[in-house]
Amino acid sequence: MGGSPQTGVNERATYASLLRTRGVSALFGISLTTVIATSLQILALSVAVFQQTGSALWSTIAFAAGFLPQLVGGTLLTSLADRWPPRALLASGSVARAASAFVIAFGGLPPAASIAVVAVVAVWQPVPMAAQSTLLTRLVTGERYVLGRSVLGLISSGAQLLGLAAGGAAVQLLGATAAFAVAGLVSLLGLLPLLAIPRTSGAPGTAHRWRPAETWVGNGRLLRDPAVRRILVAWWLGPALLVGAEALVVPYVGEQRTAGMPAGLLLAAFPAGAAVGDLVVGRFLPDEVRRRSVPWLFALVGAPLLPLAWHPGLAVAWTCFALASVGMAYQLGGQQAFLAAVPETQRGLAFGLFSTGLMGGQGVGPVIAGIFADHIGAGLTMTALGLAILVAAARFGSVPAPRVEPPAAGAQT
């Protein structure tokens with residue numbers, strides 16, 4: 001498996017042992033630059049388009065341009081993550097993002113053309129994302145793999161905050177157009193950690209010629225597997241419903257009868273809570289405890305949203321959002337069972353399918369939440385979303401035990 005050091009499945013994982021594994025720190029560095037650059041670019045695009053058009057609709061379309069087109073790539077292209085070397089795919093993601101940022105920064109494009117550039121690049125992004133997840137399974141196994149997934153979650157939460165803060169500062173100081181150049185430079189920085197990534201080839205057994213329908217057919221095969229389908233549906237529903245609540249924070253603040261509830265502070269509760277959940281569940285809970293805790297953690301995503309129909313104060317609302325996000329760590333409890341259920345030759349495809357459903361849910365969830373909020377209000381809609389999450393947790397919360405004991409090396413874990 002690429003000559004990378006593997007870890008014993010019975011050895012207790014620590015952050016120090018994880019970071020000592022060849023290539024892992026570099027992989028985390030690539031993830032950090034990716035999330036920062038993406039957050040910065042999406043914010044800059046939304047601001048630039050709004051400044052040029054004065055239209056909230058166009059600004060919303062610009063925001064969605066970085067996410068919704070990923071459904072296309074996830075449906076048609078992610079099987080390539082099992083065929084091409086991960087280093088090449090990771091590099092392609094960084095170069096594509098940088099190129100799009102520089103084109104917008106210096107090309108003098110009209111708003112529609114800028115949106116189109118970002119959308120085209122977004123179609124390809126599920127492939128390097130799937131390659132990143134697949135590479136982690138080759139670098140580490142067992143407990144260290146789950147800890148690595150939790151670190152990726154921590155990086156995502158922290159980098160989103162950093163990217164939005166840096167994006168706001170760049171737009172304020174340099175203007176939206178120049179901020180794209182900063183996003184391009186950050187993307188290029190992601191090429192440096194690639195030098196420390198071990199050279200690995202595609203998965204074994206994928207030498208036959210790639211066909212355009214391969215991803216679609218493979219996704220269908222994965223979804224016909226009851227264990228894979230159950231885990232994926234659980235992983236998709238929680239984020240889709242919670243991001244629906246997150247999207248209602250601004251109108252929720254508008255419903256408050258008391259002033260002084262900043263939307264930005266409430267929005268910060270989501271990544272802050274997610275970071276705490278990934279840290280605690282990923283680092284301190286043994287694998288079997290994590291698996292058995294999934295229903296309770298899943299329910300924790302929904303339960304804190306229930307009081308929001310009564311419009312509690314700032315401190316209570318912030319705590320509700322943070323606790324709901326802590327529960328998102330329920331996804332860590334199914335990692336080992338997911339890998340055990342997916343053939344090694346389809347891991348890139350499987351992670352791509354997960355990412356596709358995740359992005360789709362994050363696009364659809366806010367739209368559905370917004371439709372309900374227009375009729376019953378943001379607070380009551382948040383409570384309804386909490387109830388929906390509790391129902392989903394009761395139906396899909398239990399995680400099947402891994403089908404087989406993982407081998408000591410080169411494992412499916």
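See above for the structure.
Reading the values: rules and limits
Residues numbered from 1 in each chain as written. Predicted model: local features only at pLDDT ≥ 70, side-chain atom pairs only at ≥ 80, totals over all residues. Heavy atoms only, no water. Helix = DSSP H or I, 4+ residues; strand = E, 2+ residues; numbered from the N terminus. Buried < 20%, exposed > 50% of the residue type's maximum accessible area, 1.4 Å probe, protein only. Expected span 1.5 Å × (residues − 1). Contact = heavy atoms within 4.5 Å. 1 Å grid on protein atoms, 1.4 Å probe; cavity = no way out; pocket = protein on both sides within 12 Å on 5 of 7 lines; lining within 4 Å. Points joined across faces, edges and corners; volume = space filled by probe spheres on them. Nonpolar A, V, L, I, M, F, W, Y, C, P; charged D, E, K, R; others polar. Axes fitted to C-alpha atoms, helices over the stretch in contact; angles between N-to-C directions. Left-handed = near helix turned anticlockwise from the far one by under 90°. Patch = residues over 30% accessible without salt bridge, like charges linked within 9 Å, V, L, I, M, F, W, Y side chains within 5 Å. Areas by Shrake-Rupley, 256 points an atom, 1.4 Å probe, with all protein chains shown as cover. Salt bridge = Lys/Arg side-chain N within 4 Å of Asp/Glu carboxyl O. Phe/Tyr/Trp six-rings, centres within 6.5 Å; stacked < 30°, edge-to-face > 60°.

Draft legend 1. Broad picture of unusual backbone geometry. A positive phi angle, close to 50°, is found at histidine 311, a residue other than glycine. Take histidine 311: it is sitting in the loop between α14 (287-302) and α15 (314-326). Look at histidine 311 and you get partly exposed, because its relative accessible area is 30%.

Draft legend 2. Representation of helix α18 (residues 378-396). Compared with the 27 Å implied by 1.5 Å per residue over 19 residues, the 26 Å span of α18 between its first and last C-alpha is a close match. What α18 keeps buried is the set Ala378, Gly379, Thr381, Met382, Thr383, Leu385, Gly386, Ile389, Ala392 and Ala393. Structurally, α18 contributes buried residues whose contacts are with α11 (226-247), α12 (249-255), α14, α15 and α17 (347-376).

Draft legend 3. Examining empty space enclosed by the protein more closely. Here the structure, examined in full by the defined rule, presents 2 cavities of 30 Å³ or more. In this structure, the largest cavity spans a volume of roughly 50 Å³. In terms of lining residues, the largest cavity is bounded by Arg230, Ile231, Ala234, Trp235, Val294, Tyr330, Gly334, Phe396, Gly397, Ser398 and Val399. Sort the elements by how many residues they give to the lining of the largest cavity and α11 lands first, with 4 residues. Residue classes in the lining of the largest cavity are distributed as 7 nonpolar, 3 polar and 1 charged.

Draft legend 4. Highlighting the packing of α11 against α17. Relative orientation of the contacting elements α11 and α17 amounts to 35°, with a least axis distance of 7 Å. The interaxial crossing formed by α11 with α17 has right-handed handedness. Contact residues: α11 offers Leu232, Trp235, Trp236, Pro239, Ala240, Val243, Gly244 and Ala247, while α17 offers Leu353, Phe354, Gly357, Leu358, Gly361, Gln362, Gly365, Pro366 and Ala369. Here the residues of the contact of α11 with α17 sort into 12 nonpolar, 5 polar and no charged.

Draft legend 5. View of a nonpolar patch on the surface. A surface patch of nonpolar side chains, about 620 Å² in accessible area, is lined by Val364, Val367, Ile368, Ile371, Phe372, Ile376 and Leu380. When residues of the nonpolar patch are assigned to their parent elements, the largest contribution, 6 residues, is made by α17.

Draft legend 6. Molecular detail of the packing of aromatic side chains. The tally for this structure, following the rule as stated, stands at 8 aromatic pairs. Both rings, one in tyrosine 252 and one in phenylalanine 321, keep their centres 6.4 Å apart while their planes meet at 75°; by these two values the pair is edge-to-face. Here tyrosine 252, found in helix α12, pairs with phenylalanine 321, found in helix α15; they are 69 residues apart in sequence, far enough to count as distant. Here tyrosine 252 and phenylalanine 321 have matching classes, each one buried. Plain terms: the ring middles of phenylalanine 298 and tyrosine 330 are 4.2 Å apart, the flat faces sit at 5° to each other, and that makes the pair stacked. Residue phenylalanine 298 is located in helix α14, and its partner tyrosine 330 is located in the loop between α15 and α16 (335-341); the two are separated by 32 residues in the primary sequence.

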